[in-house]
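# A look at the structure
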Amino acid sequence: MVVIQLIQDNVLTLWPVIQPHLSTVLLGAVPPIIWLFFFLMEDNIQSEPKLMVLKVFLTGILAALAAAAVELIVRNVILMPSGIGDYSTITLTTFAFIEELVKFMAVYVAVKGSKYFDEPIDCMIYMITGALGFAAIENTLFLQQLLLQQSSQGLLEISIVRSIGATLLHAIAGGFIGYYWAKKRLIVGLVMAVGLHAIFNYAIFRLDYSAVYATGILVIASFFIFYYFDIMKDEDGQQQGIK
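Analysis parameters
- Residues numbered from 1 in each chain as written.
- Predicted model: local features only at pLDDT ≥ 70, side-chain atom pairs only at ≥ 80, totals over all residues.
- Heavy atoms only, no water.
- Core = buried A, V, L, I, M, F, W, Y, C linked by side-chain atoms within 4.5 Å.
- Buried < 20%, exposed > 50% of the residue type's maximum accessible area, 1.4 Å probe, protein only.
- Helix = DSSP H or I, 4+ residues; strand = E, 2+ residues; numbered from the N terminus.
- Phe/Tyr/Trp six-rings, centres within 6.5 Å; stacked < 30°, edge-to-face > 60°.
- Lys NZ or Arg CZ within 6 Å of the ring centre and 35° of its normal.
- Salt bridge = Lys/Arg side-chain N within 4 Å of Asp/Glu carboxyl O.

Counting 45 residues, the largest nonpolar core has F39, V111, I172, F176, W181, I225 and F229 as the members making the most contacts within it. Only α1 (2-40), α2 (50-79), α3 (89-111), α4 (120-149), α6 (166-182), α7 (186-206) and α8 (210-234) provide two or more residues apiece to this core. Counting residues per element, this core draws most heavily on α6, which supplies 11 residues.

Next comes the structure, spelled out in structure tokens:
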């Protein structure tokens, strides 16, 4: 009884400290998970196993950490010594390339050879899943940074903005890679994903009325993604996938 009371007292004492950090995890992860359920509905021929989806989602989280490490090295070793600023076109494009390439490599390792990777549409589904895992940890770390810099006020609003901005960007870019991966034109998919990512970042960081331009970019890009899904679903869902 004494032990239970001590645990309860400690939890109550620490809760005001823990609660804001838990909030950033929830606000960072829930929007990507909602988007994930939305995109999974596109795979209505032969749905992917939940454990496989979870594996790829977690792989996306690890990919984000790996990409961040690579970006830090590139920034400190190459870009900064060369006098290239953080928001220059070169930096925005370079970081977009690193993130999209690392996302693809991580998903490729996670699904290659799996018996559940057996339809062309799986390329899109798994790339979007990994991209949303990437977005979940990116959102969480972004909100954590804001929490350390200021109070927890405004975190919900920022989370909502990111859910229809950066989170959707990652999903759509992943969809481009996945579609062209299925079509055996991976380079085209990477170029389109990096281009979309770089243009979105440029609009956010360099243009006036950035939200208007960024939203317009994502709306246009989303039409292509759902068109690509329709093409995938029109093909034979039972044919052998990319092996």
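So, next bit.
Looking now at the packing of aromatic side chains. Working definition: an aromatic ring pair is given by the centre-to-centre distance plus the angle between the planes. Under the defined criterion, the tally for this structure stands at 18 aromatic pairs. Ring centres 6.1 Å apart and planes at 40° place the aromatic pair Y108 and W181 in the tilted group. Remark: W181 occurs in helix α6 and Y108 occurs in helix α3; sequence separation between them is 73 residues. Centroid distance F224 to Y228: 6.4 Å. Interplanar angle 55°. Geometry classified as tilted. In this pair, F224 and Y228 both sit in helix α8, four residues apart, roughly one turn of the helix. With a relative accessible area of 41%, F224 lands in the partly exposed category. Residue Y228 is classed as buried on the basis of its relative accessible area, which comes to 5%. Here K103 stacks its cationic end above the ring of F134, 5.3 Å away from the centre of that ring. Against the face of F142 rests R162, its NZ or CZ located 4.5 Å from the ring centre.

Should the charged atoms of two oppositely charged side chains come close, the side chains can pair. In the structure shown here, the tally under the stated rule is four salt bridges. The closest approach of N and O atoms between K233 and E42, which form a salt bridge, is 2.8 Å. Within this pair, whereas K233 is found in helix α8, its partner E42 is found in the loop between α1 and α2, the two being separated by 191 residues in sequence. Among the residues examined, E42 registers a relative accessible area of 14% and is labelled buried. Among the ionic pairs, E100 bridges to K103, the shortest N-O distance being 3.1 Å.

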